[in-house]
Amino acid sequence: MKALLLILALLPGLAQAACREDTVELRGPGGSARFTVEIADTPGERAQGLMNRESMPRSHGMLFLYEQPQPASFWMKNTLIPLDMIFAGPDGTVKTVHENAVPLDETAIPGGDGILAVLEINGGLARRMGIAPGTVLRHPGLDQSAAAWPCAE
């Protein structure tokens with residue numbers, strides 16, 4: 001079943017359906033991917049993140065959304081699973097990918113300036129799915145008039 005989910009996530013053109021709040025879609029030269037996400041868009045939700053979770057399904061993640069573009073830095077305090085962190089600008093274009101953040105490490109992980117969204121997924125998936133700087137993220141929480149890949153497409 002896990003292999004089937006990975007294959008489906010890599011199929012080109014998979015992300016053609018209408019945007020949903022609980023879904024993040026990505027596309028780029030490395031292929032396409034789709035994740036079911038929880039949204040963290042309040043200070044409390046962003047502070048809690050994925051702390052104290054012992055596992056997360058492969059096709060799931062958490063999307064952190066900010067009110068405006070800003071410098072973003074994360075850490076792994078109380079986070080028990082390795083994560084890939086995908087930092088995107090206001091138009092949804094991925095600026096930085098940090099792979100395999102170490103559980104429980106309190107070292108700051110900078111994502112850069114002008115970050116509006118951060119997607120956390122299971123460690124190692126970004127590389128396997130070809131998610132890299134320049135990949136485009138699609139979600140209705142982005143300003144659709146500025147989105148590189150708008151929901152209407």
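### Digging into the confidence of the model for the protein
Detailed conclusions should not be drawn from predicted coordinates in areas where pLDDT is low. In the predicted model, the protein carries a mean pLDDT of 91, and the fraction of residues at 70 or more is 89%. Here residues 1-16 is a poorly scored stretch, pLDDT under 50, and it has 25 contacts once near neighbours within four places are set aside; other chains count.

### A closer look at the sheet that holds strand β5 (residues 94-101)
As summarised here, the arrangement of the seven strands in space is β5-β4-β6-β3-β2-β1-β7, forming an open sheet in which the pairing is mixed. Each end of this open sheet is capped by a strand with a single partner; those strands are β5 and β7 (136-138). Across this sheet, the average inter-strand angle for adjacent strands is 30°, counted without regard to direction.

### Some details on unusual backbone geometry
Although it is not a glycine, Asn-78 sits at a positive phi angle of roughly 60°. With respect to the helices, strands and loops of the structure, Asn-78 is situated in the loop between β3 (60-74) and β4 (83-88). Although it is not a glycine, Leu-104 sits at a positive phi angle of roughly 70°. In this structure, Leu-104 sits in the loop between β5 and β6 (109-122).

### Examining the pairing of strand β2 (residues 31-40)
Where strand β1 (residues 23-28) meets β2, six bridges bridge the pair, whose relative direction is antiparallel. Looking at the pairing, Glu-25 lines up with Arg-34 of β2. Between β1 and β2, which pair antiparallel in sequence order, lie two residues. In the sheet, β2 pairs with β3 via five bridges, with the strands oriented parallel. When the sheet's bridge partners are listed, Ala-40 is paired in β3 with Phe-64.

### Digging into the state of the cysteines
Tallying each qualifying case throughout the model produces one disulfide. With a sulfur-sulfur separation of 2.0 Å, Cys-19 is cross-linked through a disulfide to Cys-151. On the S-S bond that ties Cys-19 to Cys-151, the torsion sits near -95°, and the link is left-handed. With Cys-19 in the loop between α1 (2-10) and β1 and Cys-151 in the segment after β7, this pair connects stretches of sequence that are 132 residues apart. The same class applies to Cys-19 and to Cys-151, which are both buried.

### Re the environment of His-139
Mapped onto the fold, His-139 is located in the segment after β7. For the pair His-139 and Thr-23, spaced 116 residues apart in the sequence, the C-alpha separation amounts to 7.0 Å. Filtering out sequence-adjacent residues up to four positions away, His-139 remains in contact with Arg-20, Glu-21, Thr-23, Val-24, Ile-39, Leu-63, Leu-65, Gln-144 and Cys-151. A polar atom in the side chain of His-139 sits 2.9 Å from the backbone oxygen of Glu-21. A polar atom in the side chain of His-139 sits 2.8 Å from the backbone nitrogen of Gly-141.

Cut-off values and rules
Residues numbered from 1 in each chain as written. Predicted model: local features only at pLDDT ≥ 70, side-chain atom pairs only at ≥ 80, totals over all residues. Heavy atoms only, no water. pLDDT = per-residue confidence, 0-100. Contact = heavy atoms within 4.5 Å. Pairing = 2+ DSSP bridges. Helix = DSSP H or I, 4+ residues; strand = E, 2+ residues; numbered from the N terminus. Axes fitted to C-alpha atoms, helices over the stretch in contact; angles between N-to-C directions. Disulfide = S-S within 2.5 Å. Buried < 20%, exposed > 50% of the residue type's maximum accessible area, 1.4 Å probe, protein only. Polar contact = N/O pair within 3.5 Å; in protein donor to acceptor, adjacent residues only side chain to side chain.

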